[in-house]
Amino acid sequence: VAGILLQAYCMYASIRHHEGFEVSMQVSFFLWIVGNVTWAGSEMVWPPAGFLAKIPFVATADERYCAPIMIFSTVVVGLSCVTLALAYVPFWRRVRDPASRRGDAAASADVP
């Protein structure tokens, strides 16, 4: 939970003070964390193991929620991948630009 909150703050700060690539990266990281935390949490709940099996509401959690949560996690991580790929499209275009291959400092100055 602390990681999700910290990344949410970083994403918020990035949206307020930056644009483009930085925002895309922060959104992608946030989606990745949410998707992975949801996935890992559902892996621990169904079937409950260890100390989680001793917590009544976890031990009696209905298994019909497992598949929808796993699908949600997969979709969120997939969106993270798409966001990251879209963030790199302008970078790939600049790298493939002949002016940047010639060593033109003005064309390659803003490449991350």
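Residues numbered from 1 in each chain as written. Predicted model: local features only at pLDDT ≥ 70, side-chain atom pairs only at ≥ 80, totals over all residues. Heavy atoms only, no water.

S.K.: Mind showing me how you'd approach the environment of L79 here?
M.R.: Residue position: L79 is located in helix α4 (residues 66–96). C-alpha of L79 to C-alpha of G35: the two residues are 44 residues apart in sequence and 9.4 Å apart in space. (Helix = DSSP H or I, 4+ residues; strand = E, 2+ residues; numbered from the N terminus.)

S.K.: Just to check I follow, could you spell out the nonpolar core for this structure?
M.R.: Generally speaking, nonpolar side chains in soluble globular proteins are found buried as a group. One finds V45, W46, L52, V58, C66 and M70 forming the largest nonpolar core, which totals six residues. Filtering out sequence-adjacent residues up to four positions away, L52 remains in contact with M44, V58 and A59. M11, L31, V34 and V76 belong to the second largest nonpolar core, which has five residues in total. (Core = buried A, V, L, I, M, F, W, Y, C linked by side-chain atoms within 4.5 Å. Buried < 20%, exposed > 50% of the residue type's maximum accessible area, 1.4 Å probe, protein only. Contact = heavy atoms within 4.5 Å.)

S.K.: Would you mind showing me how to read the packing of helix α2 (residues 21–45) against α4 here?
M.R.: Helix-helix packing is described using two parameters, namely the angle between the two axes and the distance between the axes. Packing of α2 against α4 brings their axes to within 8 Å, and their N-to-C directions diverge by 160°. In terms of their interaxial angle, α2 and α4 are classed as roughly antiparallel. In this structure, α2 meets α4 at a crossing whose hand is left-handed. (Axes fitted to C-alpha atoms, helices over the stretch in contact; angles between N-to-C directions. Parallel < 35°, antiparallel > 145°, perpendicular 65-115°, else oblique. Left-handed = near helix turned anticlockwise from the far one by under 90°.)

S.K.: What exactly am I supposed to notice about α2 here?
M.R.: Structurally, the α-helix is built with 3.6 residues per turn, so residues lying three or four positions apart point the same way. Helix length check: α2 (25 residues) gives 36 Å between terminal C-alpha atoms against 36 Å at 1.5 Å per residue, within 8%. Among all positions of α2, only V23, M25, Q26, S28, F30, L31, V34, G35, S42 and V45 are buried. Elements in contact with the buried residues of α2: α1 (2–17), α3 (56–59) and α4. (Expected span 1.5 Å × (residues − 1).)

S.K.: Is there a simple way to think about the packing of aromatic side chains in this case?
M.R.: Describing an aromatic ring pair means giving the distance of the ring centres and the angle of the ring planes. Under the criterion given, the structure shown has one aromatic pair. Consider the rings of F21 and Y88, whose centres lie 5.3 Å apart with planes at 80°: the pair is edge-to-face. Taken together, the residues span a long stretch of sequence, with F21 in helix α2 and Y88 in helix α4 at a distance of 67 residues. Classification of F21 as partly exposed rests on a relative accessible area of 28%. A residue is classified by how much of its surface remains accessible, and Y88, at 27% relative accessible area, is partly exposed. (Phe/Tyr/Trp six-rings, centres within 6.5 Å; stacked < 30°, edge-to-face > 60°.)

S.K.: Even after reading the chapter, I still don't get the environment of A13, so can you show me in this structure?
M.R.: Secondary-structure assignment places A13 in helix α1. Since its relative accessible area comes to 22%, A13 is described here as partly exposed. Taking the C-alpha atoms as reference points, A13 and V23, 10 residues apart in sequence, are found 9.0 Å from one another.

S.K.: Just checking my understanding: could you explain the side chain of S42 for this structure?
M.R.: Relative to the helices and strands, S42 resides in helix α2. Of the residues examined, S42 reaches a relative accessible area of 4% and is grouped as buried. Here the side chain of S42 touches W39 through a polar contact of 2.8 Å, landing on its backbone oxygen. Ignoring anything within four residues of it in the chain, the contact list for S42 reads I69 and M70. (Polar contact = N/O pair within 3.5 Å; in protein donor to acceptor, adjacent residues only side chain to side chain.)

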